[in-house]
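Observations on the model geometry
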Amino acid sequence: MKPRAVRGMNDVLPDISGTWQYLQEIVREVVESYGYREIRLPIIEYTELFRRSIGEVTDIVEKEMYTFLDRNDESLTLRPEATASMVRAAITNGLLHNQRQKLWTSGPMFRYEKPQQGRYRQFHQFDVEAMGFAGPDVDAELIILCARMWQRLGLSRLTLEINSLGTNAARAIYRQELIDYFTTVKNQLDEDSIRRLGQNPLRILDSKNPELRDIIAAAPVMIDYLDEESVQHFAGLKSLLDSAGVAYSVNPRLVRGLDYYNRTVFEWVTDALGSQGAVCSGGRYDGLVEKLGGRPTPAIGWAMGIERLVALFITCDGVAPRRDSHVYIVAAGDKALARAFELTEELKDGIGAVRIEVNLGGGSFKSQLKRADKSGALYALILGEDEIAGDVVGLKPLRSGEAQRSIPLAGILAELKTVLGELD
Ligand code: ATP
Ligand code: MG
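Heads up: these notes are all about the structure in this document.

This next bit is on the overall build of the protein. The helix and strand tally for the protein stands at 16 helices and 16 strands. A compact globule built from 424 residues would reach a C-alpha radius of gyration of about 22 Å, whereas the protein, at 28 Å, exceeds it by more than 25%. For the protein, the spread of C-alpha atoms along the principal axes amounts to about 90 × 55 × 45 Å. In the protein, buried positions account for 49% of the 424 residues. In the protein, the share of contacts with a sequence separation of at least 24, taken over all contacts with a separation of at least 6, comes to 71%. Surface summary for the protein: the accessible area is close to 21,100 Å², and the carbon and sulfur share equals 50%. Across the protein, the mean location of the 51 positive side-chain charges is 2 Å away from that of the 59 negative side-chain charges.

Put into structure tokens, the structure is as follows:
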């Protein structure tokens, strides 16, 4: 019986991994150009960390976590998101003692969701967090740098939605209003929403059940209950986005699926990927560091789904630069093969960025040249008995009609430098 991959967990095959690398590289470049530095985190944490940070009454904690006991009977969980680990790492390592941090990380996340297009059980995120910054300036920076990424990647069809969830105190008042409202329409709610009504009514707004759309649309909105400081903060963000020329729409029903958010929340959404339209989502979580045992520290971050970014890039006709070999060495016979290996290292020493592969496993000239062609290489270098005897090598252009030329071995490095030109 053939082995199966775990449901909802995908292999990223070589045909597409170059696109992943390219996108991640550009995202990294842009983020680092704003002063964010990488932090690498474990993919497993104590379950308690996610329960406390994401919140007990959320889809993630209630039904999506991969939780297990290790051999020491400790409850561990494969991370469903990165913010909790990021905050945990900042606290554990004392990164917030008289310091502010601008950090990014990336890697796999795990949620036991219903697998479908754009929604997987192992998926990948690029995650950016700023800790120790209270004002709307950092909110703006985190959003503006996304706009720059989209521009660098040639991505259109992304729009920005923002909202403010206010302070905890303001949200408590709003929460009661929501409970009152949803209680009046309780007989029309689904089971999940009824359960949430008492515990976490904001979550109802985040429901994906289309039958609840009208009821949710008529619910009171947080923005009418904002405290004065949050109003100011939100105005500050909008004005910075306006002056940066980043367009947005205020979506008063945007609440996000995790409990730790306050004030600014935002989502970059696309209409190009069907119902899985959120590409990059984030928000402020000023209370989380303290809640997890650190000193009170304001913070904000976003996470981008890389699978969705890749899908959008392809939909927008994006093409990643190819990483094919430049040169494929065809070698017939043992002597030629030994010489080919030697030559490969000489050429790699001599031309820093060159990509050269030697034909492995022998074969006739014809079949080796076929492989050379298939490799995507620009040139084949040909070493046969005649070439070895004459101290020459055949240089065969594979992507033009030009004829094969015989080049003295001593001159091949210089010749390749000339024909290959500047390499990326
Ligand atoms: P959604 O509304 O699509 O469920 P979310 O609000 O749960 O998204 P976040 O927890 O904010 O998403 O994660 C940030 C980003 O990670 C999302 O915007 C999305 O691009 C991506 N993402 C989230 N869950 C998945 C998943 N199961 N498969 C693939 N990508 C995902
Ligand atoms: Mg979700």
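Picking up after the structure, the text goes on.
With that settled, the discussion passes to the side chain of E267. Residue placement: E267 occurs in strand β9 (residues 262-270). A residue is classified by how much of its surface remains accessible, and E267, at 14% relative accessible area, is buried.

Moving on, we come to the environment of I39. By the element assignment, I39 lies in the loop between β1 (37-38) and β2 (44-46). For I39 and M86, which are 47 residues apart along the polypeptide, the C-alpha to C-alpha distance reads 8.2 Å. Ignoring any residue separated from it by four or fewer positions in sequence, one finds I39 in contact with M86, A89, L95, L103, W104 and T105.

Ranked by internal contacts, the top residues of the largest apolar core, which has 45 residues, are M131, F182 and L205. Elements that contribute at least two residues to this core include exactly α2 (47-54), α3 (59-64), α4 (83-92), α6 (168-184), α8 (202-205), α9 (213-217) and α11 (288-291). Contacts of L205, omitting those with residues within four sequence positions, involve Y174, L178, F182, I216, A219, R253 and V255. Ranked by size, the runner-up nonpolar core spans 44 residues in total, among them V30, L153, F266 and V310.

Viewed as axis vectors pointing N to C, helix α13 (residues 334-350) and helix α16 (residues 412-420) meet at an angle of 55 degrees, and their least axial separation amounts to 10 Å. Judged by the inter-axis angle, α13 sits oblique to α16. Our pair here, α13 against α16, has a crossing hand that is right-handed. For the pair α13 and α16, contact is made by L343, L347 and G350 and by I412, L413, L416 and K417, respectively. Residue composition of the contact of α13 with α16, grouped by class: five nonpolar, one polar and one charged.

Attention shifts here to the packing of aromatic side chains. For the structure on display, the rule yields nine aromatic pairs. Relative to W302, the ring of F126 lies with its centre 6.5 Å away and its plane at 35 degrees, an arrangement referred to as tilted. Of this pair, F126 sits in strand β6 (residues 122-131) while W302 sits in strand β11 (residues 299-305), and the two are 176 residues apart along the sequence. Taken together, the aromatic side chains of W104, F126 and W302 make up a single cluster linked through ring pairs. Its end group placed over the ring of Y112, R121 keeps NZ or CZ at 3.7 Å from the ring centre.

Further remarks concern the pattern of salt bridges. Counting across every chain of the model gives 24 salt bridges. Two residues, R28 and E32, come together in a salt bridge whose shortest N-O distance is 2.7 Å. Here R28 pairs with E32, and both are found in helix α1 (residues 14-33), just four residues apart, close to one helical turn. In this structure, D192 and K63 form a salt bridge, with 3.2 Å as the shortest nitrogen-oxygen distance. Of this pair, D192 sits in helix α7 (residues 191-199) while K63 is found in helix α3, placing the two residues 129 residues apart along the sequence. With relative accessibility at 29%, the residue D192 sits in the partly exposed group. Residue classification places K63 among the partly exposed residues on the basis of a relative accessible area of 43%. Because the salt bridges share partners, they merge into one network encompassing D59, E62, K63, D192, R195 and R196.

Right, let's talk about the pairing of strand β4 (residues 75-78) for a bit. As defined by bridge partners, β2 adjoins β4 across three bridges and the pair is classed as antiparallel. Directly across from E45, in β4, lies its bridge partner T77. The pairing of strand β3 (residues 66-69) with β4 spans four bridges and is antiparallel. Its bridge partner lying in β4, T67 is registered against T77.

Let's shift gears to the site of ligand 1. Neighbouring ligand 1 are 17 residues; R111, E113, R256, A278 and S281 lie closest to it. Within the side chain of Q125, an N or O atom sits 3.0 Å from an oxygen atom of ligand 1. Between ligand 1 and V279 there is a distance of 3.2 Å, counted from an oxygen atom to a backbone nitrogen or oxygen. Of all the secondary structure elements, the ones that give two or more residues to the shell around ligand 1 are β6, β10 (278-284) and β11.

Time to look at the packing of α1 against helix α5 (residues 136-153). Contact geometry of α1 with α5 gives a least axis separation of 10 Å together with a crossing angle of 140 degrees. The orientation of α1 relative to α5 falls into the category oblique. Remark: the crossing between α1 and α5 carries right-handed chirality. Touching Y22, L23, I26, V27, E29, V30 and V31 of α1 are L145, R148, M149, R152 and L153, all from α5.

What the eight strands build is an open sheet, ordered β1-β5-β6-β11-β10-β9-β7-β8; its pairing is mixed. Each edge of the open sheet is held by one strand with a lone partner, namely β1 and β8 (249-250). Pairing analysis gives seven bridges linking β6 to β11, with the strands arranged antiparallel. Note that in β11 the partner of Q125 across the bridge is G305.

It is worth spelling out the sheet that holds strand β15 (residues 392-397) at this point. Read across the sheet, five strands follow the order β13-β12-β14-β15-β16 without closing on themselves; strand pairing throughout is mixed. This sheet does not close on itself; its edge strands, each paired only once, are β13 (356-358) and β16 (405-408). Pairs of neighbouring strands in the sheet enclose a mean axial angle of 25 degrees, with direction left out of account.

The rules behind each value
Residues numbered from 1 in each chain as written. Chains lettered and ligands numbered in written order. Predicted model: local features only at pLDDT ≥ 70, side-chain atom pairs only at ≥ 80, totals over all residues. Heavy atoms only, no water. Helix = DSSP H or I, 4+ residues; strand = E, 2+ residues; numbered from the N terminus. Rg over C-alpha atoms; globule rule 2.2 N^0.38 Å. Buried < 20%, exposed > 50% of the residue type's maximum accessible area, 1.4 Å probe, protein only. Contact = heavy atoms within 4.5 Å. Areas by Shrake-Rupley, 256 points an atom, 1.4 Å probe, with all protein chains shown as cover. Lys, Arg positive; Asp, Glu negative; His and termini not counted. Charge placed at Lys NZ, Arg CZ, Asp CG, Glu CD. Core = buried A, V, L, I, M, F, W, Y, C linked by side-chain atoms within 4.5 Å. Axes fitted to C-alpha atoms, helices over the stretch in contact; angles between N-to-C directions. Parallel < 35°, antiparallel > 145°, perpendicular 65-115°, else oblique. Left-handed = near helix turned anticlockwise from the far one by under 90°. Nonpolar A, V, L, I, M, F, W, Y, C, P; charged D, E, K, R; others polar. Phe/Tyr/Trp six-rings, centres within 6.5 Å; stacked < 30°, edge-to-face > 60°. Lys NZ or Arg CZ within 6 Å of the ring centre and 35° of its normal. Salt bridge = Lys/Arg side-chain N within 4 Å of Asp/Glu carboxyl O. Pairing = 2+ DSSP bridges. Near = heavy atom within 4 Å. Polar contact = N/O pair within 3.5 Å; in protein donor to acceptor, adjacent residues only side chain to side chain.

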